[in-house]
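Structural overview for review
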Amino acid sequence: MASSYDSKDLIVLEGLDAVRMRPGMYIGTTGVKGMHHLLWEIIDNSIDEVANGYGNKVEVTLHKDGTASVMDNGRGIPVSPHPKLKISGVEVVFTQLHAGGKFGDSNYKYSGGLHGVGASVTNALSRWLEVTVYKDGKKYFARFESVEKNGKIHSGVPVEHLKEVGNTNLKGTYVRFLPDDRVFKDCRFDYETVLERLKETAFLNKGVHIELIDERTNKRENLCFEGGIRDYVATLTADRKPLFYPPIFIENEIEDTYVSLAMQYVDNYTDSIFSYVNNIPTPDGGTHEVGFKSALTKVLNDFAKKNNLLKDKDLAFIGDDFREGLVAVLSIRMKNVQFEGQTKTKLGNVEAKARVESVCTQGLTEFFASKKNENIGNIIIEKAKVASRARAAVKRAKELSHAKNSIENSVLVGKLANCTSKDASINELYIVEGNSAGGTAKQARDRYYQAILPLRGKPLNSEKKRIDQVLANEEIRTLIGAIGAGIGEDFKPENIKYNKIIILSDADQDGMHIRSILLTFFFRYMRPLITNGNIYIGMPPLYKVTSKDKEVYCYTDDELAEHTKGLKNYEVQRYKGLGEMDAEQLWTTTLDPKNRNMIRVTLEDSLKADMIITTWMGDDVTSRKEYINRNANFNKIDNFANKLEEVGSEER
Ligand code: TSJ
């Protein structure tokens, strides 16, 4: 492209050259992420304009030539000369570091603050950058380039100073730039990355139209959320079973701070608070989140008291109890933001706490005081009660496993038939479904190294079992004590008393459910057992085939078919449960290491497994039913192990 500059006219911009020397200081990395940062700087400027009520549309285009452009229909960057610098406002924006503040602070109620290091950084790290301003009936243009002078590269040099280039009835700003490929090697803009960012931005700025166009692939997306962060929360909870609808929403302004909050509860145990200050994410929270949390705790405690929802037997709530299953978006706008922490992703302004707390307390109190929202309050309190009970159960379980020799001293010891060996490396613990099968197993085992813990089927068998109820279960607590290595964060795998822990349950739906509960329990509270390969699923035979004077046990349908092929005069006994076997049979088929068949549970991909377990164990009855139906062939116990993506080490 022909440029109308003469090298002697070149204005070397020391600030921008500094950016070029140390890009990492300004944009973090010189990888793809850093390159996207150039685009965020530009987009943020446009969003600032429309978020403050000037214009309503921002269009982002990813071009075939590696450039990106951003256009808005705001007022247009000021073109008049800066009183001190004597250059156009446009040139100030693109050549002076942190120029954003000079304009932003005085013109925008809420400015992005130090977040945007400014459009000048984008200019400094671009091969070229062009800007067109539509303002007051005129069209203006300027171009900046990276140029070489005396063998040195200079960044962001104005090669075409801002000039009027025609008339227009449009208004707004258009910026297009080519990231410098000497800084960002082999990088290209990623559609999904940009889309995700724009979507978040669109949620946070309700009513703003944001369009993303990818000319390289002809993909495009139009984003506009009239509900703002309400829509954000609704999207976040869409496939997670929200407890009510629509999300709670409050907003207000106090002392020049705008606070908005949308929240919802879903049927799980974690909390997710997404907080923002001036559209900037604060994943490490900070003073605004603290303010919100204390408001939430206070308002819900008051609600419970006022409505007599706490009975004598109920525990007092702590803040955490009100945040189980919470999905919230907290977005505030204020001046002079200060970020803290290593990554500057935590709000530090002390004044923000009181302001957010005040707006949230007032808004939430009003919300729950309304008769029509009473039921929502009740739902949340019920959920908090479950959370507080779970908390107490975990605490009890921890105490139990901490108590020295707890298992020997425990009244529960009767349940466990321990082995005599103290050598953990050879010891095995069989968790057996049902008292009767447990009794048989106690007779059948090799008591030197095999311990048996019978698990009553019933208390664990209901469709919906929360982990607190699981923990409250006597046998589970015995199990924690027996394993002897603690629970949760305090779990010490080096202290386990059994090298192999074998789950032995019936080949039916109840058995499958017990297995899933135990695995979820191990996964959540004793994960090293799974990753270290200590957990096994025992496979009792499904059939006994008797012919002449020979008895053969078959563990799968295939085995049965294989064995009975060509066999005459035989009888097949189908085992419906462990209880149908006598001690000798149980030893031969299921306990004796020489014959037994079992699958080692190893979590290759623990995340995936967690998802499966959550689907299975979670409160979404439909998906669990679906899952169970899909795997309804209980003859194939190993279906389960396969689903966990494990390759069983089969011992036979
Ligand atoms: F990043 C950027 F600076 F290059 C950039 C800024 C890029 C794009 C695409 C748009 C913008 C931008 C800036 N859009 N709108 C504005 N508005 C102003 O800079 C502006 C306009 C008028 C007044 C005023 O007081 O009249 C004040 C400001 C800050």
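Presented here is an overview of the structure given in this document. Throughout, residues of each chain are indexed from 1 in the direction in which the sequence is written. Restriction of local features to residues with pLDDT of at least 70 applies here, the model being predicted, together with a cutoff of 80 or more for giving and counting side-chain atom pairs; totals for whole chains, interfaces and linings are based on all residues. Side-chain measures here rest on the full set of heavy atoms in the structure, leaving out hydrogens and waters.

**As for the nonpolar core**
Stated formally: Nonpolar core, defined: a set of buried Ala, Val, Leu, Ile, Met, Phe, Trp, Tyr and Cys residues in which side-chain atoms within 4.5 Å join the residues together. For every residue, the accessible area (1.4 Å probe, protein chains only) is compared with the maximum for its type, and the residue is labelled buried under 20%, exposed over 50%, or partly exposed between those bounds. The numbering of helices and of strands both runs from the N terminus, where a helix is a DSSP run of H or I of at least 4 residues and a strand a run of E of at least 2. In this description, contact between two residues means that some pair of their heavy atoms is separated by no more than 4.5 Å.
Residues Leu39, Val60, Val90, Phe94 and Val131 are the most contacted members of the largest nonpolar core, which totals 58 residues. For this core, the leading source of residues is helix α3 (residues 32–51), giving 8 residues. Here Val60 is in contact with Leu39, Ile43, Ser69, Val70, Val194, Leu198, Glu211, Leu212 and Ile213, once residues within four sequence places are set aside. Leu300, Phe322, Phe367 and Ala384 belong to the second-largest nonpolar core, a separate cluster that totals 39 residues.

**Topic: unusual backbone geometry**
In the segment running from Tyr245 into Pro246, the intervening peptide bond is cis, with an omega of -5°. Position of Pro246 relative to the elements: it lies in the loop between α8 (229–237) and β9 (248–254). For Asp136, which is not glycine, the phi dihedral falls at a positive 50°. By the secondary structure assignment, Asp136 is in the loop between β3 (126–135) and β4 (138–149). The phi dihedral of Lys241 is positive, around 60°, even though this residue is not glycine. One can find Lys241 in the loop between α8 and β9. Owing to a relative accessible area of 44%, Lys241 belongs among the partly exposed residues under this scheme.

**Focus: the pattern of salt bridges**
Put simply, the rule is: By salt bridge we mean one thing: a side-chain nitrogen of Lys or Arg within 4 Å of a carboxyl oxygen of Asp or Glu.
Considering all chains together, one arrives at 26 salt bridges under this definition. Put simply, Asp214 and Arg216 hold a salt bridge, and the shortest N to O gap is 2.8 Å. When its relative accessible area of 2% is taken as the criterion, Asp214 is described as buried. Here Lys293 and Glu289 are joined by a salt bridge, their closest N and O atoms 4.0 Å apart. Here Lys293 pairs with Glu289, and both are found in helix α9 (residues 287–306), just 4 residues apart, close to one helical turn. Taking the relative accessible area as the measure of exposure, Lys293 reaches 26% and is therefore partly exposed. Within the structure, one salt-bridge network assembled from shared partners comprises Arg20, Arg127, Asp180, Asp181 and Arg182.

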